Amino acid sequence: MALSMGGRDCLRAGDTCSSDDTCSPRLRTLRQCVAGDGSVKLGPGARNQCENAMTALLSTPLHGCQCKRGMKKEKNCLSIYWSLHQSVLHGLSLVESYPYEPEERGSDYVRLASIAAESEVTTVNRCLDAAKACNIDETCQKLRTEYVSACIQPSARSGPCNRPKCNKALRKFFDRVPPDYTHELLFCPCTDTACAERRRQTIVPSCSYEDKDKPNCLAQLRTCKADYVCRSRWAQFQYDCQPAEQSASGCEQENYGACLLAYTGLMGSTITPNYLDNSTSNVGPWCSCTASGNQREQCNDFLASFHDNVCLKNAIQAFGNGSDVKTGASQPGMPSPATDNQSPHLATTAPGVSMETEQNILRAQIPTQVNENDRLWGDEGDSTLPSPGLSDRGAEPVRLSLLLGLGWLLLLLLSDQ
């Protein structure tokens, strides 16, 4: 084949393979091997056929192909990737790699800092800063309005809300809005319960996260692994948030930014994580290990990936206090010196002004100052939730529903004080 081995997306590599008389039948064979009853269909020589197909495909553009998180036809792209990488016969370790290309998103720190400079009062609140910045940015405001509306709208079939619709909108928000905004909304530091509760409510947990009962964690994980997107996000989280006790950063990959990005990639999935309460920064999915039987240890290990993950905890803490720009752990778009040129999953250095320089500029000017008696949803009409008036002009019923829903959320928050 004439196609080069690296830097190709799996959709293009799949098309090239399908049009090649030698590659196409091997890919079909491998897909049967990965399918639940594929080996039965292939007959008694199944193992040899599967091994031969995989060996042959490792020398094609399919090997090393990747997908872009949130891309169009993402599931199709991921199905091609996992056909080669997820063969039970070969017992591949998912923590060693994941299918996504490095994130290369631009930063708008100057604009964020200008929002901070407008303040005239005395107490710092970065969570309000983040909400104000999102409301000013067209994409952030629009997609945040969409997911809040989807997550508070009652459903005749589903009851209080339509969870699948809510999760889809939530995933779209975190996939398409730059981490400059999403990370500030989700990881802003809090020193009081009102702020922490506002932060916990960011993903509208009453619909996207909580349920009447807590399901078994392993059942949730099995559902996740059966879906190409969720399986890929989980693999990315395992890789980029892999803890390392011997490392000063606590992360095997030495990259806090990549860990936080992988964490947000789980939003809207069956293992969506969130803050466990409004008094700590502890996070985890809504599930438990009861009824795990002889798999209790495996279930505890899954929960420990969130509850006892030193890499994830350090990444969240470092983002909150600004030390992430002073340590060896780098942000998305800035590879860590310890891992540069060693992993295909770390982003390349962004052109122009470095991420560290931009963040130093931001930290010097931000944050917006707020009154000590700061209210949950802003002051004098400066709401921390997206302004319905900036959404689609023709959607009057949606705006009305959103306003009613936001009132419901406000009552819920105030009742917790």
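Counting restarts for each chain: residues are numbered from 1 in the order of the written sequence. The predicted origin of the model limits local features to residues at a pLDDT of at least 70 and limits the giving and counting of side-chain atom pairs to 80 or more, whereas totals for whole chains, interfaces and linings rest on all residues. The side-chain numbers reported here are obtained from all heavy atoms of the structure, hydrogens and water having been left aside.

Comments concerning the nonpolar core
Moving on, step 1. Core analysis: the biggest nonpolar cluster contains 57 residues, and Phe173, Phe237, Phe302 and Leu312 have the highest contact counts within it.
Moving on, step 2. Broken down by element, the residue count for this core peaks at seven residues, all from helix 8 (residues 138–152).
Moving on, step 3. We call two residues in contact when some of their heavy atoms are within 4.5 Å. Beyond its immediate stretch of four places on either side in the chain, Phe302 contacts Cys217, Leu221, Trp234, Ile271, Pro285 and Cys287.
Moving on, step 4. Residues enter a nonpolar core if they are buried and are Ala, Val, Leu, Ile, Met, Phe, Trp, Tyr or Cys, with the set joined through side-chain atoms within 4.5 Å. A simple rule labels every residue: compare its accessible area, found with a 1.4 Å probe on the protein chains alone, to the largest value its type can have, and call it buried under 20%, exposed over 50%, or partly exposed in between. Residues Cys10, Cys50, Tyr98 and Tyr100 belong to the second largest nonpolar core, which totals 25 residues. Strands here mean DSSP runs of E at least two residues long; helices mean DSSP runs of H or I at least four residues long; both are numbered from the N terminus.

Looking at the packing of helix 13 (residues 217–225) against helix 14 (residues 228–240)
Moving on, step 1. Axis separation between helix 13 and helix 14 bottoms out at 6 Å; the angle between their running directions is 110°. On the basis of their axis angle, the class for helix 13 and helix 14 is roughly perpendicular. Contacts between helix 13 and helix 14 involve Leu221, Cys224 and Lys225 from the former and Cys230, Arg231 and Trp234 from the latter. For helices, the fitted axis covers only the stretch in contact; all axes are lines through C-alpha atoms, and the angles between them, taken along N-to-C directions, range from 0 to 180 degrees. Relative orientations are named as follows: roughly parallel for angles under 35 degrees, roughly antiparallel for angles over 145 degrees, roughly perpendicular for angles from 65 to 115 degrees, and oblique for any other angle.

Focus: unusual backbone geometry
Moving on, step 1. One non-glycine residue, Lys73, adopts positive backbone phi at about 60°.
Moving on, step 2. Counting through the fold element by element, Lys73 comes out in the loop between helix 4 (46–57) and helix 5 (74–85).
Moving on, step 3. A residue is classified by how much of its surface remains accessible, and Lys73, at 52% relative accessible area, is exposed.
Moving on, step 4. A positive phi angle, near 60°, is found at Ala291, a position not held by glycine.
Moving on, step 5. Structurally, Ala291 is set in the loop between strand 3 (283–285) and helix 16 (296–307).

Remarks on the pattern of salt bridges
Moving on, step 1. Salt bridge, as used here: a side-chain nitrogen of Lys or Arg that lies within 4 Å of a carboxyl oxygen of Asp or Glu. Taken as a whole and judged by the stated rule, the model has 11 salt bridges.
Moving on, step 2. The residue Lys75 makes a salt bridge to Asp227 at a minimum N-O spacing of 3.2 Å. Residue Lys75 is located in helix 5, and its partner Asp227 is located in the loop between helix 13 and helix 14; the two are separated by 152 residues in the primary sequence.
Moving on, step 3. Taking relative accessible area as the criterion, Lys75 reaches 47% and is therefore assigned partly exposed.
Moving on, step 4. Of the charged contacts, one joins Arg163 and Asp211 as a salt bridge, the two residues approaching to 3.8 Å between their closest N and O atoms. Taken together, the positions of Arg163 in helix 9 (residues 163–176) and Asp211 in the loop between helix 12 (205–208) and helix 13 put the pair 48 residues apart, joining distant regions of the chain.
Moving on, step 5. By relative accessible area, which is 46% here, Asp211 ends up partly exposed.
Moving on, step 6. When salt bridges that share partners are traced, they join Arg69, Glu74, Asp175 and Arg233 into one network.

Structural notes on the packing of aromatic side chains
Moving on, step 1. Pairing of aromatic rings covers Phe, Tyr and Trp, the last through its six-membered ring, and needs centres within 6.5 Å; plane angles under 30 degrees mean stacked, over 60 mean edge-to-face, and all others mean tilted. This model, assessed by the stated rule, comprises 11 aromatic pairs.
Moving on, step 2. Measuring from centroid to centroid gives 4.9 Å for Phe237 and Phe306, while their planes differ by 15°, and the two rings are stacked. Of the two residues, Phe237 sits in helix 14 while Phe306 sits in helix 16, which places them 69 residues apart along the sequence.
Moving on, step 3. The class of Phe237 is buried, set by a relative accessible area of 1%.
Moving on, step 4. Classification of Phe306 as buried rests on a relative accessible area of 1%.
Moving on, step 5. Within the aromatic cluster, the residues linked to one another by ring pairs are Trp234, Phe237, Phe302 and Phe306.
Moving on, step 6. Should the NZ of a Lys or the CZ of an Arg lie within 6 Å of a ring centre and within 35 degrees of the ring normal, that charge is described as sitting over the ring. Over the aromatic face of Tyr275 sits the side chain of Arg199, whose NZ or CZ is 4.2 Å from the ring centroid.
Moving on, step 7. One cation-aromatic arrangement involves Arg231 over Trp82; the distance from NZ or CZ to the ring centre is 5.2 Å.

Considering helix 14
Moving on, step 1. For a helix, the expected span equals 1.5 Å multiplied by the residue count minus one. The first and last C-alpha atoms of helix 14 sit 18 Å apart over 13 residues, in line with the 18 Å expected at 1.5 Å per residue.
Moving on, step 2. Of all 13 residues in helix 14, 11 are buried, a share of seventy percent or more.
Moving on, step 3. Buried within helix 14 we find Val229, Cys230, Arg231, Ser232, Arg233, Trp234, Ala235, Gln236, Phe237, Tyr239 and Asp240.
Moving on, step 4. Residues of helix 14 that are buried sit in contact with helix 5, helix 9, helix 13, helix 15 (256–264), helix 16 and helix 17 (310–321).
Moving on, step 5. Between N or O atoms, a polar contact is any pair within 3.5 Å; within protein, one atom must be a potential hydrogen donor and the other a potential acceptor, and residues adjacent in sequence are included only when both atoms are from side chains. Taking the backbone nitrogen of Val229 as reference, a side-chain oxygen 3.1 Å away marks Asp227 as the first, capping residue of helix 14.

Note that every value here comes from positions in space, so none of it alone points to a role or purpose.
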